[in-house]
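# Chains, contacts and geometry: an overview
Okay, here's what each chain looks like letter by letter:
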Amino acid sequence: MARFDVVICGLGAMGSAAAWQLARRGRRVLGLERLAPGHDRGSSHGRTRIIRLGYFEHPSYVPLVRHAYALWRELEGRCRRRLLHVTGIAEIGSRGGELVRGTLASMELHGLEHEVLSAPEAMRRFPVFTLPPDYLAVLQPDGGFVEVEPSITASLALAAAAGAQIRSNEAVRAIEPRAGFVRIVTERSVVEAEQAVVAAGPWTSSLLPHLPVPLRATRQVAGWFDCADAHLFAADRFPVFMLQSRHGLHYGIPPHGGAGLKIARHHHRDESVDPDEHDRTVGAEDEALIRAIAEHIPGANGRLIAAGTCLYTMTPDGDFVIDRLPGSPQIIVVSACSGHGFKFAPVIGEIVAELVTGGSTRHDISRFRLDRFR
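A short tour of the structure in this document, coming up. Nothing here was measured: the structure is a model prediction, and the numbers come from that model.

Within the protein chain, the secondary structure is distributed over 8 helices and 20 strands. In terms of overall dimensions, the protein chain has C-alpha extents of about 65 × 45 × 45 Å along its principal axes. The buried share among the 374 residues of the protein chain stands at 57%. Taking contacts inside the protein chain between residues at least 6 apart in sequence as the whole, the part at least 24 apart equals 73%.

This is the structure:
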């Protein structure tokens, strides 16, 4: 029976980053992915994801994402491909709304560079917006987006070059803790490891039935649209945006790689689904929820070029899970990122590698412990 230092179950954003960080530290690593890395059934696909420093969810995320920027740049240097695109980000809404209030709190606490524009000022700067007079736009120059599938490919290529074994299209069927090691049963083999990292996103609960937190897989939809006055939406003129309105919280990413303007409604319908059985078609109701943003960005209400679904894996409080499994410390549960985790992938990979190799991490992950759900 094959034996490894660590087996990583799931090679999406977090698992692929962990594989690279562990392999570069000389560990014998096996990475297992139920489909092909970058597949469109989970959470780690969809061309692009937003990256931002001013974190409205909670200021404690800022040091982690700040370090993630440095690791994204390192990954770019090692794979010799640009992955992180800085466009700036505009976070827009009413002064008292969660988005603007939380972003400003993070900015002020951490002394981050930013600019606050009134609605008229924001519309002069970015003519594509139509905003109510009481809205504010918080501009962060360091915001932008990360390329998704190429990032995963790069991390896995570096992991393999450092000696990791990567197996695609091999689903994990069971993770069985033993005294001092873990037994992992897949659809094709059985392996053992000193430690296991479970980064399986929406399949985490099925692999760890005794996980002490209820996780929900929710269906998310994104669309790519033609734009009127397309030159106004180019990445060198138009920032990534998040906009909270009576229609919910929408986000958008400038056209990239031949695709149109990417727009989605964060959490969409907050619809709990089975990760293996959910509806992956995009219907008229889905499209209408996304197009509601046209009240504030009329030029984005063009032809729908493409659309797709992905899954958020939600914790009850919307924060991550990064911790050892109670009663089975040789199993590390990572991510369940509640729809805002991709940008953190390199630093979460580093955190996992430090936990596996040294038992602790220099990063503050106290907010992500499982015992908060007791």
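That was the structure; now back to the text.
Burial within strand S13 (residues 216–225) is extensive, with 9 of its 10 residues counted as buried. Of the strand pairs in this sheet, S13 and strand S18 (residues 304–314) are connected by 10 bridges, and their pairing is antiparallel. Along S18, the bridge assignment pairs valine 221 with threonine 309. Across 2 bridges, the pairing between S13 and strand S17 (residues 271–272) is antiparallel. For arginine 219, the partnering residue across the bridge sits in S17 and is glutamate 271. Note: S13 against strand S16 (residues 261–265), 4 bridges, orientation antiparallel. The residue of S16 that forms the bridge with alanine 222 is alanine 264.

Secondary-structure assignment places valine 6 in strand S1 (residues 2–9). Judged by relative accessible area, valine 6 falls into the buried class, the value being 0%. Considering only alpha carbons, one finds valine 6 and glycine 31, 25 residues apart in sequence, at a separation of 8.6 Å. Beyond its immediate chain neighbours, meaning those up to four positions away, valine 6 contacts Leu22, Arg28, Val29, Leu30, Ala193, Gln195, Val197 and Val356.

The subject of this paragraph is the layout of surface pockets. Put simply, the second largest pocket is a space of about 180 Å³. In terms of lining residues, the second largest pocket is bounded by Phe56, Glu57, Glu98, His266, His267, Met314, Asp317, Gly318, Asp319, Ser338, His340 and Arg367. Looking at the lining of the second largest pocket, its residues break down into 2 nonpolar, 5 polar and 5 charged.

With that settled, consider the packing of helix H1 (residues 13–24) against helix H5 (residues 148–161). Running from N to C, H1 and H5 point in directions that differ by 25°, and their axes come no closer than 8 Å. Comparing the axis directions of H1 and H5 gives the class roughly parallel. As H1 packs across H5, the resulting crossing turns out to be left-handed. In this structure, H1 uses Ala13, Ser16, Ala17, Ala19, Trp20 and Ala23 to contact H5, whose residues at the interface are Ile152, Ser155, Leu156, Leu158 and Ala159. Looking at side-chain class alone, the contact of H1 with H5 contains 9 nonpolar, 2 polar and no charged residues.

The next thing to look at is empty space enclosed by the protein. This structure, assessed with the given rule, holds 3 cavities of 30 Å³ or more. In this model, the largest cavity occupies a volume close to 50 Å³. Elements represented by at least two residues in the lining of the largest cavity include exactly H1, helix H2 (62–79), H5 and helix H8 (345–358). Put simply, the second largest cavity is a space of about 40 Å³. What lines the second largest cavity is Phe225, Ile263, Ile290, Arg291, Ile293, Ala294, Ala300 and Asn301. The residue inventory of the lining of the second largest cavity, partitioned by class, reads 6 nonpolar, 1 polar and 1 charged.

On to the side chain of aspartate 323, then. Considering the arrangement of structural elements, one finds aspartate 323 in strand S19 (residues 321–325). With no salt bridge to any partner, buried aspartate 323 finds its closest opposite charge in arginine 369, at an N-O distance of 4.7 Å. Here the side chain of aspartate 323 touches leucine 370 through a polar contact of 2.8 Å, landing on its backbone nitrogen. What aspartate 323 contacts, discounting residues up to four positions off in sequence, is Ile331, Ile332, Val333, Phe368, Arg369, Leu370 and Asp371.

What follows concerns unusual backbone geometry. Trans is the common state for peptide bonds, and a negative phi is the common state for residues other than glycine. Its identity is not glycine, yet asparagine 169 carries a phi of approximately 55°, on the positive side. Along the polypeptide, asparagine 169 turns up in the loop between strand S9 (165–167) and strand S10 (172–178). Residue classification places asparagine 169 among the partly exposed residues on the basis of a relative accessible area of 43%. Positive phi is not limited to glycine here, since serine 338 has a value of about 55°. Here serine 338 lies in the loop between strand S20 (328–335) and H8. Since its relative accessible area comes to 2%, serine 338 is described here as buried.

The rules behind the values
Residues numbered from 1 in each chain as written. Predicted model: local features only at pLDDT ≥ 70, side-chain atom pairs only at ≥ 80, totals over all residues. Heavy atoms only, no water. Helix = DSSP H or I, 4+ residues; strand = E, 2+ residues; numbered from the N terminus. Buried < 20%, exposed > 50% of the residue type's maximum accessible area, 1.4 Å probe, protein only. Contact = heavy atoms within 4.5 Å. Pairing = 2+ DSSP bridges. 1 Å grid on protein atoms, 1.4 Å probe; cavity = no way out; pocket = protein on both sides within 12 Å on 5 of 7 lines; lining within 4 Å. Points joined across faces, edges and corners; volume = space filled by probe spheres on them. Nonpolar A, V, L, I, M, F, W, Y, C, P; charged D, E, K, R; others polar. Axes fitted to C-alpha atoms, helices over the stretch in contact; angles between N-to-C directions. Parallel < 35°, antiparallel > 145°, perpendicular 65-115°, else oblique. Left-handed = near helix turned anticlockwise from the far one by under 90°. Lys, Arg positive; Asp, Glu negative; His and termini not counted. Salt bridge = Lys/Arg side-chain N within 4 Å of Asp/Glu carboxyl O. Polar contact = N/O pair within 3.5 Å; in protein donor to acceptor, adjacent residues only side chain to side chain.

Read these as spatial facts, not as claims about activity.
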